[in-house]
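Breakdown of the fold
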Amino acid sequence: MNNKLRRKIIYAGILIISSVMFAGCGLVPTLNLSEEQSNLIAEYAAGKLLEYAKGHPGGLMILEDVDRSDVNPGMQKEEEEQPTQPALLPPVDGEPVPEMPSDDMSVQTAPDQDAFADAPETDALAEAPEDISEAPSRALEEALGINGASLSYDHYEVAATYPPNDTEIAFSMKAAAGKELLILHFALSNPTDQDVEVHTDSDNFKVRLAINGNERLRGDVTFLDNDLMNYSGLLTAGASVDSVLVFEIPEGEQVSSMDLLVIVDGTEEKYNLM
């Protein structure tokens, strides 16, 4: 601000103070001020006015002139760090130039062949069924829960109904449309000289039949008196009765091989029949 404007503000301040003093002389006590004190008051008043002078260095500031990054550090942009490459030394005479590592991650080193040779064959183990014994670990009688009696496979037959001459419809089996009954006959005998009670319960085991190498059939639970799935009877000493397991096969299918599968406590026992 030039001296001319400064003098005008000082004179205006002196006039204001003088008018107040003269106008209020009858109301408030008069202050005896020296010329130096009056100049100090005028300069103070002028300074207060300058604080509200727009554009003055000591007054109000224009918002566009403010550097917001100084008052709000979050608005400052971080400088991106450039990756530094290691300096390459000049090659020594006779030495090969070292190659820099490539950024292409598709190039990978070949796996150690010896590691593959030592690794176990997990694929072969994964394909093998769990808990299946090649040779049965228990006799067929024990797998079915038969105590004191012996059980041996005798023969099989294929029929549309079983028994074929049974007049009691409630206790006969009839194959579904397009199916035939495959009945396996077993000789249940008492080799001891005492009577033997025989009871089987299909809740304690499961029966499957593998025929022709791979096809698996589920054993049917029937109301037949001699069904081994749920058999209950008294065998006298030396007696032998015919007992059966019944399955269904497609009509006209030829049977070339049979393996009886009994699942007990999560373990599958395999008994070759033919």
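Residues numbered from 1 in each chain as written. Predicted model: local features only at pLDDT ≥ 70, side-chain atom pairs only at ≥ 80, totals over all residues. Heavy atoms only, no water.

1. A look at the pairing of strand β8 (residues 232-235)
Here is the rule we go by: Accessibility here uses a 1.4 Å probe with only protein chains present; expressed as a share of the type maximum, an area under 20% marks a residue as buried, one over 50% as exposed, and anything in between as partly exposed. Helix numbering and strand numbering both begin at the N terminus, where a helix is a DSSP run of H or I of at least 4 residues and a strand a DSSP run of E of at least 2. DSSP-based pairing: two strands are paired if at least 2 bridges between them are found.
Alternating residues of β8 divide into Gly233 and Leu235, all buried, and Ser232 and Leu234, none buried. For strand β5 (residues 196-199) and β8, the ladder comprises four bridges, and the chain directions are antiparallel. Note that in β8 the partner of Val198 across the bridge is Gly233.

2. Section: a nonpolar patch on the surface
For clarity, the threshold we go by: Patches here: salt-bridge-free residues with over 30% relative accessible area, like charges joined within 9 Å, nonpolar side chains (Val, Leu, Ile, Met, Phe, Trp, Tyr) joined within 5 Å. Residue exposure ignores everything except the shown protein chains as possible cover, and the areas themselves are Shrake-Rupley values with a 1.4 Å probe. The rule for a salt bridge is simple: a side-chain nitrogen of Lys or Arg has to be within 4 Å of a carboxyl oxygen of Asp or Glu.
On the surface, a cluster of nonpolar side chains totalling about 220 Å² of accessible area is made up of Tyr156, Val158 and Met274. Mapped onto the fold, Met274 is located in the segment after β11 (267-272).

3. What to know about the pairing of strand β6 (residues 206-211)
With five of six residues buried, β6 lies mostly within the body of the structure. Sheet analysis places β6 next to strand β10 (residues 258-264), joined by six bridges and oriented antiparallel. When the sheet's bridge partners are listed, Lys206 is paired in β10 with Ile263. Two elements, β6 and strand β7 (residues 215-218), share four bridges in a ladder whose sense is antiparallel. Residue pairing for β7: Ile211 is matched across the bridge by Glu215. Hairpin connection, β6 to β7: the antiparallel pair is bridged by three residues, and Asn212 has positive phi, about 55 degrees.

4. Some thoughts on the packing of aromatic side chains
Our working rule: Geometry of aromatic contacts follows a simple scheme: Phe, Tyr and Trp rings, the Trp one being its six-membered ring, pair when their centres are within 6.5 Å, and the pair is stacked under 30 degrees between planes, edge-to-face over 60, tilted otherwise.
This model, assessed by the stated rule, comprises one aromatic pair. Both rings, one in Tyr153 and one in Phe186, keep their centres 5.7 Å apart while their planes meet at 70 degrees; by these two values the pair is edge-to-face. Of the two residues, Tyr153 sits in strand β1 (residues 150-159) while Phe186 sits in strand β4 (residues 179-189), which places them 33 residues apart along the sequence. For Phe186, a relative accessible area of 1% puts it in the buried group.

5. Points about the sheet that holds β1
Strands belonging to one sheet form pairs held by backbone hydrogen bonds; the direction of such a pair is parallel or antiparallel. Quick note on the threshold: Helix axes use the C-alpha atoms of the stretch in contact, all axes being lines fitted to C-alpha atoms, and the angles between their N-to-C directions lie in the range 0 to 180 degrees.
Spatially, three strands are ordered β1-β4-β9 in an open sheet, and the strand pairing comes out antiparallel. In this open sheet, the two edge strands, each paired with only one partner strand, are β1 and β9 (240-250). The average angle at which neighbouring strand axes cross in this sheet is 20 degrees, direction not considered. Inspection of the sheet shows β1 paired to β4 by nine bridges, in the antiparallel sense.

6. Structural notes on the side chain of Glu269
Quick reminder of the rule: Polar contacts, as counted here, are pairs of nitrogen or oxygen atoms within 3.5 Å of one another; within protein the pair requires one atom able to donate a hydrogen and one able to accept it, and residues that are adjacent in sequence qualify only if both atoms are side-chain atoms.
Tracing the backbone through its elements, the reader meets Glu269 in strand β11. Reaching out from Glu269, the side chain makes a polar contact with the side chain of Ser137 at a distance of 2.5 Å. Among the polar contacts listed, one links the side chain of Glu269 to the side chain of Arg138, at a separation of 3.4 Å.

7. Regarding the nonpolar core
We apply this condition: Residues belong to a common nonpolar core when they are buried Ala, Val, Leu, Ile, Met, Phe, Trp, Tyr or Cys residues joined through side-chain atoms within 4.5 Å. For this analysis, residues touch if any pair of their heavy atoms sits within 4.5 Å.
Leu144, Phe186, Leu209, Phe247, Leu260 and Val262 are the most contacted members of the largest nonpolar core, which has 31 residues in total. Within the residue set of this core, elements represented by two or more residues are α6 (140-143), β4, β5, β6, β9 and β10. Not counting chain neighbours up to four residues away, the residues in contact with Val262 comprise Leu140, Ala143, Leu144, Phe205, Lys206, Thr267, Glu268, Glu269 and Tyr271. One finds Ala159, Tyr162, Met173 and Ala175 within the second-largest nonpolar core, a separate group that totals nine residues.

8. Quick word on the confidence of the model for the chain
A low pLDDT means the predicted coordinates there should not be read in detail. Worth spelling out the cut-off: As a per-residue measure, pLDDT tells how confident the predictor is, with possible values from 0 to 100.
Within the chain, residue pLDDT values average 74, and 59% of them lie at 70 or more. The low-confidence segment residues 104-111 (pLDDT under 50) makes one contact with residues lying over four places distant or belonging to another chain. With pLDDT under 50 throughout, residues 113-133 is counted as low confidence; its partners more than four residues away or in other chains account for nine contacts.

9. Examining the pattern of salt bridges
Tallied over the full model, the rule gives two salt bridges. Here Glu269 ties to Arg138 by a salt bridge, and the two come within 3.4 Å at their closest N and O atoms. Of this pair, Glu269 sits in strand β11 while Arg138 sits in the loop between α5 (122-127) and α6; the two residues are 131 residues apart in sequence, bridging distant segments of the chain.

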